[in-house]
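# Remarks on the overall topology
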2 protein chains.
Amino acid sequence: MYFNELSMTDIEKKDEHFMREALKEAHYALSRDEVPIGAIVVLNERIVARAHNLTEALNDATAHAEMQALTAAANTIGGKYLDKCTLYVTVEPCPMCASAAYWTHLGRLVYGTIDEKRGYQNIERGLLHPRTEVKGGVLKDECSALMVNFFKNKRQKLR
Amino acid sequence: MYFNELSMTDIEKKDEHFMREALKEAHYALSRDEVPIGAIVVLNERIVARAHNLTEALNDATAHAEMQALTAAANTIGGKYLDKCTLYVTVEPCPMCASAAYWTHLGRLVYGTIDEKRGYQNIERGLLHPRTEVKGGVLKDECSALMVNFFKNKRQKLR
């Protein structure tokens, strides 16, 4: 029991550590006036990809943080399957990104805050690969606050 | 009535014409030993993007023909919304590509053959943008034969 508890705490610490790295990416996105979402891919405790949302900069509605992180990770490790990798993302993926994760056979998904409108879980739970382990709510408040403030500011500018 | 019929025939002719262009892309994919799927994006009867599946060449499980065609089209027209565009694709899109089309607010989707296993319609009909018009079955037999033969050959090689 003691070791199990210790190991759980270790995993939680690691998840928070890597979610902080994803949050850094989300802050980069914010500084470029992009929807503030960041993503990291980790293999054997090493970051193999980092990315943030670039839909405005690239003029590409599909340039989500996760899409870029998954592609970059495959490039880094030189293989298209990410079954030994964990994707950390500050906001629950949309169906596009969840399905992209499916095609990569992603090993583990860790997200910060949920996306009530377009999160993949609202739409279809069967989108992820059946072997992908999922954990939500890591640094939820920070991940969520970034999004809430971003859209609050956008709405104020539109007044 | 006469004009309506004429106009329907015209649309069908155009759809077949552009699906042949998508089929050319699928044949390029085949010649590179990629899963033979091709895609074209058309705006005002002009092809603004052409792409084929490159998952093997790019070592990227997300490099589907549609993902590349949508991104290329946005680059060509210099805007991230494709609400005036038609995506022609030889095989029914998967949930990733259907959701990518959602984010682009795609105007119209025309596909050749259905994908019984991972087609977006089997999984979730709500993935496309509500304004996207859909038409399936254009040059269905050619589009389907390419896929069936490809996987038949793959299986024979594995014996």
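Coordinates for the structure precede this section.
Keep in mind that this is a model prediction, so the values were computed, not measured. (Residues numbered from 1 in each chain as written. Chains lettered and ligands numbered in written order. Predicted model: local features only at pLDDT ≥ 70, side-chain atom pairs only at ≥ 80, totals over all residues. Heavy atoms only, no water.)

## Some words on the relation of the copies chain B and chain A
It takes a turn of 180° to lay chain B on chain A, together with a shift of 0.0 Å along the axis; the resulting RMSD is 0.0 Å. Look at the turn and shift together and you get a two-fold axis relating the two. Scanning chain B for the C-alpha nearest the rotation axis identifies B:Met96, at a separation of 2.0 Å. Residue by residue, 100% of the interface of chain B is reproduced at the interface of chain A, so both copies engage with the same surface. (Least-squares fit on C-alpha atoms with pLDDT ≥ 70 in both. Contact = heavy atoms within 4.5 Å.)

## A closer look at the packing of helix H2 (residues 65-77) of chain B against helix H3 (residues 95-103) of chain B
When two helices pack together, their arrangement is captured by the angle between the axes and the distance separating the axes. Residues and elements named next belong to chain B. At a minimum axis distance of 9 Å, the contact between H2 and H3 shows a crossing angle of 15°. Between H2 and H3, the crossing angle belongs to the class labelled roughly parallel. The hand of the H2/H3 crossing is left-handed. Across the interface between the two elements, Glu66, Met67 and Leu70 from H2 touch Met96, Cys97, Ala100 and Ala101 from H3. Among the residues forming the contact of H2 with H3, the class breakdown is 6 nonpolar, no polar and 1 charged. (Axes fitted to C-alpha atoms, helices over the stretch in contact; angles between N-to-C directions. Helix = DSSP H or I, 4+ residues; strand = E, 2+ residues; numbered from the N terminus. Parallel < 35°, antiparallel > 145°, perpendicular 65-115°, else oblique. Left-handed = near helix turned anticlockwise from the far one by under 90°. Nonpolar A, V, L, I, M, F, W, Y, C, P; charged D, E, K, R; others polar.)

## Some details on the packing of aromatic side chains
As enumerated under the stated definition, the model contains 6 aromatic pairs over all chains in all. With a centroid separation of 5.1 Å and an interplanar angle of 85°, the aromatic rings of A:Phe150 and A:Phe151 are classed as edge-to-face. Between A:Arg118 and the ring centre of B:Tyr102, over which it is positioned, the NZ or CZ distance is 3.5 Å. Directly above the aromatic system of A:Trp103 lies the positively charged group of B:Arg118, at a separation of 5.6 Å from the ring centroid. (Phe/Tyr/Trp six-rings, centres within 6.5 Å; stacked < 30°, edge-to-face > 60°. Lys NZ or Arg CZ within 6 Å of the ring centre and 35° of its normal.)

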